[in-house]
Amino acid sequence: MYSNDISTNLTDLMDYPPTDEPMRQMYFIEALKKIVTVKEEALGRPLSFSVVTFGCQMNAHDSEKLEGILEKAGLTAGDEDSSDIVIYNTCTVRENANMKLFGHLGQLKAKKKANPEMLIGLCGCMMQQPEIIDTIKEKFRFVDIVFGTFNIFMLAELLCRKYSGEKQVIEVLKNPVGNPENSLPEKRKYKFKSGVNIMYGCNNFCTFCIVPYVRGRERSRTPEDILAEVKRLADDGVSEVMLLGQNVNSYGVNFMEESEIIKNNPDYSFPELLADVCKIDGIRRVRFMTSHPKDLSDRLIEVIRDNPKVCRQIHLPVQSGSTRLLAKMNRRYSKEHYLGLIDKIRKEIPEVSISTDIMVGFPGETEEDFLETMDLVDKVGFDQVFTFEYSIRTGTPAAKMEQVPADVVKERFDRLLKLVNTKARAKVGRFKDEVVEVLVEDIDSHDETMVSGRMNNNTTVHFKGCKELIGQYVMVKLTTEKGFYYIGEMVG
């Protein structure tokens, strides 16, 4: 399948790789680049790649790094069906994400037979589970490389090993090894906005959640590291950043390196970091996610209130309106605490938009528990609610609890969705006829004479415009409310 010349050349290349991890990975990117050149000359065409992302914003940001590595190695972007290297960056928060991946793999098997050059790689959270690795070894032997959340940065090295003749390369680290991906290239989807990881992992161990087991315990990047990255992004034309972490409000736990800022200010935490990011020239909007209700402090509310650069949007997952269920979930707050927090936020930041996550059918949920959730939704009036049915995650405490019958979960889910849509439509529609600032992101997917962008509070707006507006901030009058988005007219 691969030429002997390539294997021989690679063996020579791999004799003395550097021991410093960032330098080692840059070394393998250059080695992969040489392999790509040889193969392209032999095939008479360029080699292409496709990275398919499942899951959260952090996965999407990891995929930008994967794409950056592949592009730096000389490959060109292609599509999932026909690329020479296809990487699936997986999520395992809910069972349907697993099923979706296996469905994609089944479709690719035939395509790989037709294209012997095709390599298939799997990475991300799903790969941190030993039982998944066993399934891949047994049922998906045509998968070429497998790696986890802690060694995203090793993509070039693993591809080099595969091209050198290893049959199936599996390298899943159990724990992080520093933060070497910070020095690696990335291919951003947008030139004008970017995510920035501020921490990794989670210490909360909610009884339904697999994340602490696949992403590890919380580790925070130093303020110096984060601020330097934001400054680089601003110098490169980025005007909007999103600070990312499983629980940004607990930033400051277990710093990955020594920090002079922390030495001088041991109380430095997320509010201070957010304020410092706002001071960087060129940054016009700052977003963050996700917040945990138990950790959202008065100080953070004050920083948002006092910094116009911080977007007026807070995603605050509640999961349930039942205090009894919240205790079973190990969420460590009550319904009353959550409602009090919402009141405090809206008092200090009246224009804020609040979104949330709500789970239906957590083990042991009664009709009374569900009605408490309906009551909370009615009282809060969220701008957006991400609703989902509880999904068993093997290895979590909730998986061993008594499950709610599927037909009961479905009926409750439909009731909740109806209420959510009614309340959210009324909430989002409050801006109709106002003139607001919109960051233009792309050509409208349904009408090429229109563009799409987002308000400061993350609401989508569509209006007549051209591709030259992409990346610009323009004033738009919101003329028509469409439930969860607006149609508008550019003014001025």
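Please refer to the structure placed before this passage.
Residues numbered from 1 in each chain as written. Predicted model: local features only at pLDDT ≥ 70, side-chain atom pairs only at ≥ 80, totals over all residues. Heavy atoms only, no water.

A. Quick peek at the pattern of salt bridges. Scanning the model with the defined rule gives 43 salt bridges in all. One salt bridge connects Lys-65 with Glu-186, and the closest N-O pair in it is separated by 3.4 Å. With Lys-65 in helix H3 (residues 57-72) and Glu-186 in the loop between strand S6 (169-171) and strand S7 (193-197), the pair connects residues that are 121 residues apart, well separated along the chain. Here Glu-186 falls in the partly exposed class, since its relative accessible area comes to 23%. A single salt-bridge network, built from bridges that share partners, covers Glu-240, Arg-284, Arg-285, Arg-287 and Glu-437. (Salt bridge = Lys/Arg side-chain N within 4 Å of Asp/Glu carboxyl O. Helix = DSSP H or I, 4+ residues; strand = E, 2+ residues; numbered from the N terminus. Buried < 20%, exposed > 50% of the residue type's maximum accessible area, 1.4 Å probe, protein only.)

B. A look at the sheet that holds strand S10 (residues 240-244). A sheet is described by the order of its strands in space; here three strands give the open sequence S7-S10-S11, paired in parallel fashion. Every interior strand has two partners, whereas the edge strands, S7 and strand S11 (285-289), have only one. Between one strand and the next, the sheet's axes are offset by a mean angle of 20 degrees, whatever the strand orientation. Two strands pair when backbone bridges link them, and S7 and S10 are joined in this way by five bridges, in the parallel orientation. Each residue of the ladder has a partner; that of Asn-197, found in S10, is Leu-244. Strands in contact with H3 are S7, S10 and S11; relative to S7, the strand with the most contacts, it is inclined by about 105 degrees. Of the strands in this sheet, S7 and S10 touch helix H8 (residues 223-235), which is tilted by about 170 degrees from S7. (Pairing = 2+ DSSP bridges. Axes fitted to C-alpha atoms, helices over the stretch in contact; angles between N-to-C directions. Contact = heavy atoms within 4.5 Å.)

C. Fine view of helix H14 (residues 367-380). Here H14 contains 14 residues, and its C-alpha end-to-end distance of 20 Å stays within 8% of the 20 Å for a straight helix at 1.5 Å per residue. Of all the positions in H14, only Asp-369, Phe-370, Thr-373, Met-374, Leu-376, Val-377 and Val-380 are classed as buried. All buried residues of H14 lie within an arc of 155 degrees about the axis, which places them on one face of the element. Structural note: H14 exposes Glu-368 and Lys-379 on the side pointing more than 90 degrees away from its buried face. In this structure, the buried residues of H14 make contact with helix H12 (323-328), helix H13 (335-348), strand S13 (353-360) and helix H15 (406-428). (Expected span 1.5 Å × (residues − 1). Arc of directions from axis to C-beta.)

D. Structural detail: the pairing of S11. S11 sits mainly inside the fold: four of its five residues count as buried. Pairing geometry for S10 and S11, over five bridges, is parallel. Its bridge partner lying in S11, Val-241 is registered against Val-286.

E. Summary view of the environment of Leu-469. With respect to the helices and strands, the residue Leu-469 is situated in the loop between strand S17 (460-464) and strand S18 (473-481). Measuring from C-alpha to C-alpha, the distance between Leu-469 and Glu-441 comes to 8.4 Å, with 28 residues separating the pair along the chain. Among residues more than four places away in sequence, those in contact with Leu-469 are Val-440, Phe-463, Val-474 and Met-490.

F. Representation of the sheet that holds strand S12 (residues 313-315). What the three strands build is an open sheet, ordered S12-S13-S14; its pairing is parallel. Because the sheet does not close on itself, it has two edges, and the strands there are S12 and strand S14 (384-389). Averaged over neighbouring strand pairs, the angle between their axes works out to 15 degrees when direction is ignored. Bridging between S12 and S13 involves three bridges; their strand directions are parallel. Looking at the pairing, His-315 lines up with Ser-355 of S13.

Geometric values such as these leave the question of function open.
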